[in-house]
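Now for the letters of each chain:
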Amino acid sequence: MEALKEVWNSIIEFLTKVGELFTTNLFELGNSKITLGTILYFIISFIILTFVAKHFRNLLVNKILVKANMERGARNSIGLITRVMIMFVGSIFIIQSAGIDMSSLSLLAGALGVGIGFGLQNITDNFISGIIILFEKPIKVGDRIVVGDTEGDVINISVRATTILTNENVSIIVPNSEFISSRVINWSHNDRNIRFDIPVGVSYKEDPVAVKEVLMKVAQENEHVLKHPEPFVFFDEFADSSLNFTLAVWTSTHTDKPRRLKTELYFEIFNKFKEKGIEIPFPQRDVYIKSNVEPTPLQK
């Protein structure tokens, strides 16, 4: 019995020392005392909070919002905002439940907020711009756009940046703030039907009606040119060396390949003009040299 009593007393002593270890004041934060138990409480609580916020975000995005037929980009934005709010509110609750006076953290939070505000200004700008893009939809996945010197198809929109795939199969990551603060050309904002203008010049000796018939036939025979709206030929001007026309064609398949469509049409126009004997002019200039200086006689 004495041995069992000594073991029991040793256990009690060990547990007492462990308790003292977790309750010993390590340092003070304002009017609040920070112990090892407080730190352990923070670690466990934030792990649980992160787990809950992550799983609630996945449930919201993949289960609840899917039933509302909402686009994935908008669902991800709502999910991210919800997760941030859960982490923010949960953090305040954990800090207060640990017995830490929030007023003691106000000065530190203010200084930290100013630093984060300057350091994360661009990230915040891109984040807010991404939310605007996902909800207002000035651009969407699949659109053909031009922003700055970049032209291509939108393949992904996130809350920070948008990915554009060029015709060279190069992915370009563009910060979302550029779509809000810069001029953006969206070739397919309403639909994929785009009109291309093909300039053509012929000699002055050619019949404009015959030229129009050839251009219309070329456009109508091309499988990538839409029948509705139908092609049209504009007689633009009497230029210095040529009669200038514009063949206007509509396409929905070559919105992202305008040069290819123009190449197909130009090849066929050249062949048709050659068959019909229609001349494609080139600039010509006559130079006249006049001199009032009498020639100097040759000396013998």
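Owing to the predicted nature of the structure, the values given are computational and were not obtained by experimental measurement.

## A look at the overall build of the protein
Secondary structure assignment for the protein yields eight helices and 10 strands. In the protein, which comprises 300 residues, the share counted as buried stands at 30%. Within the protein, contacts between residues at least 6 apart in sequence are counted, and of these 60% link residues at least 24 apart. Accessible surface, the protein as shown: approximately 20,700 Å² in total, 60% of it carbon and sulfur.

## Regarding the environment of threonine 246
Structurally, threonine 246 is set in strand 10 (residues 243-251). Measuring from C-alpha to C-alpha, the distance between threonine 246 and valine 233 comes to 5.7 Å, with 13 residues separating the pair along the chain. Not counting residues up to four positions away in its chain, the partners in contact with threonine 246 are Asp197, Ile198, Pro199, Phe232, Val233, Phe234 and Asp236. At 2.3 Å, the side chain of threonine 246 and the side chain of aspartate 236 are in polar contact.

## Focus on the nonpolar core
Ranked by size, the top nonpolar core spans 22 residues in total, and within it Leu215, Leu247, Val249 and Phe273 carry the most contacts. Of the residues forming this core, the biggest block, six residues, is contributed by helix 7 (residues 208-221). Each residue touching leucine 247, except ones within four places of it in the same chain, is listed here: Phe196, Asp197, Ile198, Leu215, Ala219, Phe232, Val233 and Ile269. Among the nonpolar cores identified, the runner-up in size contains 11 residues, and Leu134, Ile139, Ile145 and Phe179 belong to it.

## Side note on the packing of aromatic side chains
Taken as a whole, this structure holds six aromatic pairs when the rule is applied. Each ring, one from tryptophan 187 and one from phenylalanine 196, has its centre 6.4 Å from the other, and the planes form 45 degrees; the classification is tilted. A residue is classified by how much of its surface remains accessible, and phenylalanine 196, at 7% relative accessible area, is buried. Judged by centre distance (5.3 Å) and plane angle (50 degrees), the ring pair of phenylalanine 235 and phenylalanine 238 falls under tilted. Residue phenylalanine 235 is classed as partly exposed on the basis of its relative accessible area of 38%. By relative accessible area, which is 61% here, phenylalanine 238 ends up exposed. Here a set of aromatic residues connected by ring pairs shows up, and it is made of Tyr204, Phe235, Phe238 and Phe245. In this arrangement the basic side chain of lysine 212 is found over the ring face of phenylalanine 232, its NZ or CZ atom lying 5.8 Å from the centre.

Criteria and thresholds
Residues numbered from 1 in each chain as written. Predicted model: local features only at pLDDT ≥ 70, side-chain atom pairs only at ≥ 80, totals over all residues. Heavy atoms only, no water. Helix = DSSP H or I, 4+ residues; strand = E, 2+ residues; numbered from the N terminus. Buried < 20%, exposed > 50% of the residue type's maximum accessible area, 1.4 Å probe, protein only. Contact = heavy atoms within 4.5 Å. Areas by Shrake-Rupley, 256 points an atom, 1.4 Å probe, with all protein chains shown as cover. Polar contact = N/O pair within 3.5 Å; in protein donor to acceptor, adjacent residues only side chain to side chain. Core = buried A, V, L, I, M, F, W, Y, C linked by side-chain atoms within 4.5 Å. Phe/Tyr/Trp six-rings, centres within 6.5 Å; stacked < 30°, edge-to-face > 60°. Lys NZ or Arg CZ within 6 Å of the ring centre and 35° of its normal.

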